[in-house]
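Topology and contacts: notes
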Amino acid sequence: MKIKIEHGDYEENEILLRCREVDSEIMRIIAFLNLQTQKLSGWKNKEEITMLEFKDVYYAEALEDKTFLYTSKDVYQTALNLAEIEGRYESLGFLRISKSVVVNLYSIHSLKSALAGRIEIILKNQEKLIVSRHYAPLLRERIGL
Amino acid sequence: MKEFTHFYRWGLNMKQHMAIYTMALIFFRGVIEVLLGHDSISILMLVEMTLTSMVIAIIESALFPDHFDESELQRRTILWVIMCNLLFIGAAVLFQWFADVPLWGECLLIVILEGGLFAMWFGVHVAQKIETRALNQHLHDFQKQ
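Quick look at the structure, then. A quick note: this is a predicted structure, and the numbers were derived from the prediction, not measured. (Residues numbered from 1 in each chain as written. Chains lettered and ligands numbered in written order. Predicted model: local features only at pLDDT ≥ 70, side-chain atom pairs only at ≥ 80, totals over all residues. Heavy atoms only, no water.)

1. A short note on a nonpolar patch on the surface
Residues and elements named next belong to chain A. A contiguous nonpolar surface patch, about 450 Å² in accessible area, is contributed by Ile-15, Leu-17, Val-22, Met-27 and Ile-30. Secondary-structure assignment places Met-27 in helix α1 (residues 24–37). On the basis of relative accessibility, which here comes to 43%, the residue Met-27 falls in the partly exposed class. (Patch = residues over 30% accessible without salt bridge, like charges linked within 9 Å, V, L, I, M, F, W, Y side chains within 5 Å. Areas by Shrake-Rupley, 256 points an atom, 1.4 Å probe, with all protein chains shown as cover. Salt bridge = Lys/Arg side-chain N within 4 Å of Asp/Glu carboxyl O. Helix = DSSP H or I, 4+ residues; strand = E, 2+ residues; numbered from the N terminus. Buried < 20%, exposed > 50% of the residue type's maximum accessible area, 1.4 Å probe, protein only.)

So, in structure tokens, the structure goes:
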């Protein structure tokens, strides 16, 4: 794959991808670009909305009918539900690991096999999550195991 | 909330081991009842087996917490084997679970107990360790993509 960078008097930075077909390589590039440009909105109180970079969101959790985004230290509420986070941002590394949690695979420090086919996740902030037996095969498949 | 989650996860793990031990005890008592021409197990015996299994599973979870120094594995495993033998055999003698079994049958049950403990140890500490290594290798490969 060739990489060309054209310098010029452009109003806005622009990235143009030319390809014969949208294959996995192109998809990864798009996912990477999305990762750099998209943000998730969340709030602690509704008067102040924070734009969160995806890499900073460790996981999302649904509690009752609300969804919360967890960063290394903070918790924000978001308007998106888990299905939307999972569906829209799957290519950015978000994966459902239980009925109520979607995790960012890039925020995982390590994994540990647990009893009864479950997997324990240790996040980069040392917080722990459990991948339920139902979702563990999906995680294994996603990371290519 | 974190304390509750921790306690909940501990309860899940502990109860799984407790269930395995209880089912094994009931199974062998059931086989003996059938061989003796009976078709029932006393409720008191079921309660004794369940409580003994619970005590063993609780001690086991204390011996093998979520995280401990790998160098302690051998010492903890030896303690676990001693504890299991003492409590299983001690409870069987105390509550007379297998008092009507001939000596050769008791010896056979002890051999099965040791085999079962080995299988548990292998399943929990060897197979899981191998899978944990594979999970982390694939995770890190995924994160580098």
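2. Description of helix α2 (residues 43–63) of chain B
In a regular helix each residue adds 1.5 Å, so 21 residues correspond to 30 Å; α2 of chain B covers 30 Å between its end C-alpha atoms and thus fits that length. Among all positions of α2 of chain B, only Met-45, Glu-48, Met-49, Thr-52, Ser-53, Ile-56, Ala-57, Glu-60, Ser-61 and Leu-63 of chain B are buried. (Expected span 1.5 Å × (residues − 1).)

3. Considerations on the nonpolar core
One recurring pattern in soluble globular proteins is that nonpolar side chains are buried together. In terms of nonpolar packing, the biggest core is built from 23 residues, with Val-103, Leu-111 and Ile-121 of chain A touching the most fellow members. Sorting the residues of this core by element identifies β4 (66–70), β6 (94–98), β7 (101–104), β8 (108–113), β9 (119–123), β10 (128–131) and α3 (136–142) of chain A together with α4 (103–144) of chain B as the ones contributing at least two each. Leave out the neighbours within four places in its chain, and Leu-111 of chain A touches Ile-119, Glu-120, Ile-121, Leu-139 and Ile-143 of chain A together with Thr-132, Leu-135, Asn-136 and Leu-139 of chain B. (Core = buried A, V, L, I, M, F, W, Y, C linked by side-chain atoms within 4.5 Å. Contact = heavy atoms within 4.5 Å.)

4. Remarks on the pairing of strand β3 (residues 59–63) of chain A
Residue and element names in this part refer to chain A. Pairing analysis gives five bridges linking β3 to β4, with the strands arranged antiparallel. Each residue of the ladder has a partner; that of Glu-61, found in β4, is Phe-68. With three bridges connecting them, β3 and β7 associate as antiparallel partners. Across the sheet, the residue bridging to Tyr-59 is Val-103, located in β7. (Pairing = 2+ DSSP bridges.)

5. Some details on the pattern of salt bridges
Scanning the entire structure with this criterion turns up nine salt bridges over all chains. Across the pair Glu-131 of chain B and Arg-140 of chain A runs a salt bridge, and its minimum N-O distance is 2.5 Å. You can see Glu-131 of chain B sitting in helix α4 and its partner Arg-140 of chain A sitting in helix α3, one on each of two chains. Look at Glu-131 of chain B and you get partly exposed, because its relative accessible area is 21%. A network of salt bridges, in which partner residues are shared, links Glu-53, Lys-55 and Asp-56 of chain A.

6. A short note on α4 of chain B
With 42 residues, α4 of chain B extends 61 Å between its outermost C-alpha atoms, agreeing within 8% with the 62 Å of an ideal straight helix rising 1.5 Å per residue. Of all the bends in α4 of chain B, the greatest measures close to 30° and is centred on Phe-122 of chain B. (Bend = angle between axes of the 7 residues up to and from the residue.)

7. Some words on the packing of aromatic side chains
Counted by the stated rule, this structure contains nine aromatic pairs over all chains. Between Phe-54 of chain A and Tyr-89 of chain A the ring centres are 4.7 Å apart and the planes differ by 55°, which places this aromatic pair in the tilted class. Placement of the pair is Phe-54 of chain A in the loop between β2 (48–53) and β3 and Tyr-89 of chain A in the loop between α2 (82–88) and β6, with a sequence separation of 35 residues. Judged by centre distance (6.3 Å) and plane angle (70°), the rings of Phe-64 of chain B and Trp-80 of chain B are edge-to-face. Remark: Trp-80 of chain B occurs in helix α3 (residues 73–94) and Phe-64 of chain B occurs in the loop between α2 and α3; sequence separation between them is 16 residues. Each member of the pair, Phe-64 of chain B as well as Trp-80 of chain B, carries the same accessibility label: buried. (Phe/Tyr/Trp six-rings, centres within 6.5 Å; stacked < 30°, edge-to-face > 60°.)

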